[in-house]
Amino acid sequence: MAISRPEPRRRLKLPRNLPGTRQLQPYSRVDAPYFRSPGFYVRVGALAIVVAAGVSLLLLRAWSIQVLHGKEYTKAVHRQVFRKVPLLGARGAIVDDRRRLVAGTSGHVVIDADAASLGSRNAHGVWSPSPAGLQALRRLARVSGRRWGLLAARIRHDVLQAPFAPAVVVAHPTAALAAYLQERPALFPGFKVEGQAARSYPQGAFGSEFLGLLGEISKGELKSGAYKNAKPGEVVGQSGVEAAYDHLLNRGFVEAKIPVDSLGRIAGPLRIPLQKQPPTLQLSIDLRLQKAAQNALLYGMEQSRLNGHSPTGASAVAINPWTGEIKAIVSYPTFDQKRAAEKPNYYAQLSKETHATPLLNRAIGGAYPTGSTFKPIIAEAALSGGIITPGTPLSCTGAFALGDTIFHNVDPGVNASMTLPTALEVSCDTWFYRLGDLVYRHDPQAQGTLIQNWARKLGLGHVPPGDLTGATSGYLPGPGRVFERRFGFPWTEGQTINLAIGQGALQVSPLQLAVAYSALVNGGKVVRPHVGQAVITDGVRHKLHFKPVRQLRLSPYTWAIRQGLYQAANSSGGTSASVFAGFPITVAGKTGTAEPDPVSSWYASWAPYNSPKLVVVANVEHGGFGAEAAAPIAKQIYAAYFHLKG
């Protein structure tokens, strides 16, 4: 039996790389059929599709972030790096009719506090001082003379309004206090002496009657919507043209930026952008005439004192009878516009003053019986109603009796028959009592309301629709429940007779009377009184337009009224002839003396007579007869307007 022997194992050494071929790889003969199968290629293709889809999604997302939402994400990153800080910006300037600066913007020194370094805010945004901040507040309180609690309250208030803005703790520091803090910054960490924009008044105590005041917007004003787009903490106009034109003068907050870190801590200096200059408001006020009118008030009150009276206040308004432009408007007593803007305590004291009432603009907010200056209005009513003509004679006597009531005349000894122009010239009360009685008896059912109807058409009894805030509607009495509730008795014929000479319950402001006289002068156009004249933007002047309130159809005999007022100022027997004797400009006007005692002095007028350029109405409270105080005021205003000297 033969036993085979295994062949010896041979060893073959292959080269690592065959010539002209790629590197040899291990190869499983078992898997060879799978790599050549359709399933293999399907799986590889599916994987390629998945990979391609993923890459495409990544590319689309990158494109979306960079292109479609690039600006949005840039802003988001910017917001994370910077915080907006609202700062009070400059208000638009106010100039007079010749572009002389009346109110501008200048910087003033304040002491700011860095709230973040002095304390922290809780979850509700309420700021509280840290121990170190409390120590710094107490140190500042000692040198400034203010309570540290008040300083902390100011920081807390400002932080609620604008968390990242510097909080003003001392609005008007003295120069010594500001210098002391600047020289010792290490002793007062968290406090800086900075500059802040503020209203400036280069004319000083001037223009309080029309400029108005500024103040931080209140919660009530925010809710009322009176100031559109206004934000809490914003300073807005509270009265005068500052309020009427706030939408033009006030551009709101300047949005400064401050860099912060990821925890919201300040990481760099405040960055304030360049602010576009707000528009300039040009007024119809003539600065030179305004100052002359202020002096004229003081002169008229002094004349009243020399005649034995005790005037408590005075006012005057000068208006263009054709356009309604107010050239001057003055009131006394008044207040210092500059001090009111700079010193809150001064304004608080003015608000508490109830006797002199310096905050009351008597030219538009004061209401008084007109006295005889009302006579041209009842004359127009009677002429338009066909009750009289210029030649209708009525008696001027020492008294007029209505039943048991006796109405007296200033001159008890007079007894003459007069027509309308003469009755206006000498201002005969009993002549107009009889005219009032004629109006009442002409239509007893109307109870004399023809007078009220014409007075209302001429602008009395309602607020003048102009651009000055604080104007009164006055009171135009007449039959009805309003009168009965107010006085406790019904309207009677005697009330109409009393109204005929501007007495009784009648209440009119100088501005209202100026509008009425303008209509009698210009042919029936009831002007819209205003002080805004134009808006200047980037050097371009845009004129403001104020349409008349209405156009009245006056009587064809209105010339008789104008003639009577001409005679009153220029004829020897006229009530104001002694004042205007020898005056180079022909003035036409009516004096008024309103009771009860002490009487108030009125003068309503225009000049020149044949081509009116200016209507002037003046009033002196408790000033005596119209020719004693009010007429001299008007004379000085006309002298300044027409550049008369001596």
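Participant: Before we move on, can you summarise the pattern of salt bridges with the specific residues and values?
Facilitator: Taken as a whole and assessed by the stated rule, the structure comprises 15 salt bridges. Of the charged contacts, one joins glutamate 242 and arginine 91 as a salt bridge, the two residues approaching to 3.0 Å between their closest N and O atoms. With glutamate 242 in helix α9 (residues 240–244) and arginine 91 in the loop between β1 (82–88) and β2 (94–95), this pair connects stretches of sequence that are 151 residues apart. Here the salt bridges do not stand alone but share partners, grouping Asp96, Asp97, Arg100, Asp286, Arg288 and Lys327 into one network.

Participant: How would you summarise the state of the cysteines if you had to cite specific residues and measurements?
Facilitator: For the structure shown, the criterion picks out one disulfide. The residue that forms a disulfide with cysteine 396 is cysteine 428, at a sulfur-sulfur distance of 2.0 Å. On the sign convention where negative means left-handed, the S-S torsion of about 105° between cysteine 396 and cysteine 428 marks this disulfide as right-handed. Here cysteine 396 is found in strand β14 (residues 394–397), whereas its partner cysteine 428 is found in the loop between α16 (420–426) and α17 (429–442), with 32 residues between them in sequence. Of the two residues, cysteine 396 and cysteine 428, both sit in the buried class.

Participant: Pulling in residues and values, what's your account of the pairing of strand β11 (residues 280–283)?
Facilitator: Where burial is concerned, the two faces of β11 agree: the one with Thr280 and Gln282 and the one with Leu281 and Leu283 are both buried. The pairing of β2 with β11 spans two bridges and is classified as parallel. Among the inter-strand pairings, valine 95 is bridged to a residue of β11, identified as glutamine 282.

Participant: Quick one: what's the story with the sheet that holds strand β23 (residues 600–607), residue by residue and with numbers?
Facilitator: Ordered by their spatial adjacency, five strands build an open sheet running β13-β12-β24-β23-β22, and the pairing between neighbours is antiparallel. Only two strands of the sheet have a single partner each, and these edge strands are β13 (326–332) and β22 (588–594). Here the strands of the sheet are splayed against their neighbours by 5° on average, with no regard to which way each runs. Note that β23 and strand β24 (residues 614–621) share seven bridges and pair antiparallel. Its bridge partner lying in β24, alanine 607 is registered against leucine 614.

Participant: A description of a nonpolar patch on the surface should follow, citing residues and the corresponding values.
Facilitator: Judged by side-chain polarity, Leu47, Val51, Val55 and Leu59 come together as a nonpolar surface patch covering roughly 380 Å² of accessible area. Among the structural elements, valine 55 can be located in helix α2 (residues 38–68). In this structure valine 55 comes out as partly exposed when scored by relative accessible area, which is 43%.

Participant: I'd love a proper account of the side chain of arginine 199, names of residues and values included.
Facilitator: Mapping arginine 199 onto the fold places it in strand β7 (residues 191–200). Of the residues examined, arginine 199 reaches a relative accessible area of 11% and is grouped as buried. Here the side chain of arginine 199 touches glycine 104 through a polar contact of 3.2 Å, landing on its backbone oxygen. A distance of 2.9 Å separates polar atoms of two side chains, one belonging to arginine 199 and the other to glutamate 242. Residues within four places of arginine 199 in sequence aside, it is in contact with Arg91, Gly92, Ala93, Ile94, Ala103, Gly104, Thr105, Leu214, Glu242 and Leu249.

Participant: Explain unusual backbone geometry residue by residue, including any values.
Facilitator: The linkage connecting tyrosine 332 with the following residue, proline 333, adopts the cis geometry, with an omega of 0°. Here proline 333 is to be found in the loop between β13 and α12 (337–342). At the junction of alanine 607 and proline 608, the peptide bond is cis and its omega measures out at -15° in the coordinates. The topology assignment puts proline 608 in the loop between β23 and β24. If you check the backbone angles, glutamine 447 has positive phi at about 55° while not being a glycine. Even without being a glycine, histidine 643 presents a positive backbone phi close to 55°.

Participant: Break down the packing of aromatic side chains for me, with residues and values.
Facilitator: Per the stated rule, a full pass over the model turns up 17 aromatic pairs. Plain terms: the ring middles of phenylalanine 206 and phenylalanine 210 are 6.1 Å apart, the flat faces sit at 80° to each other, and that makes the pair edge-to-face. You'll find phenylalanine 206 and phenylalanine 210 in the same group, each marked buried. Seen from their ring centres, tryptophan 606 and tyrosine 609 are 6.2 Å apart, and the 25° between their planes marks the pair as stacked. Members of the aromatic cluster, connected to one another through ring pairs, are Tyr475, Phe483, Phe487, Phe489 and Trp491. The ring of tryptophan 148 carries arginine 138 above its face, with NZ or CZ at 5.3 Å from the centroid. Sitting over the ring of phenylalanine 206, lysine 291 keeps its end group 5.8 Å from the ring centre.

Reading the values: the criteria
Residues numbered from 1 in each chain as written. Predicted model: local features only at pLDDT ≥ 70, side-chain atom pairs only at ≥ 80, totals over all residues. Heavy atoms only, no water. Salt bridge = Lys/Arg side-chain N within 4 Å of Asp/Glu carboxyl O. Helix = DSSP H or I, 4+ residues; strand = E, 2+ residues; numbered from the N terminus. Disulfide = S-S within 2.5 Å. Buried < 20%, exposed > 50% of the residue type's maximum accessible area, 1.4 Å probe, protein only. Pairing = 2+ DSSP bridges. Axes fitted to C-alpha atoms, helices over the stretch in contact; angles between N-to-C directions. Patch = residues over 30% accessible without salt bridge, like charges linked within 9 Å, V, L, I, M, F, W, Y side chains within 5 Å. Areas by Shrake-Rupley, 256 points an atom, 1.4 Å probe, with all protein chains shown as cover. Polar contact = N/O pair within 3.5 Å; in protein donor to acceptor, adjacent residues only side chain to side chain. Contact = heavy atoms within 4.5 Å. Phe/Tyr/Trp six-rings, centres within 6.5 Å; stacked < 30°, edge-to-face > 60°. Lys NZ or Arg CZ within 6 Å of the ring centre and 35° of its normal.

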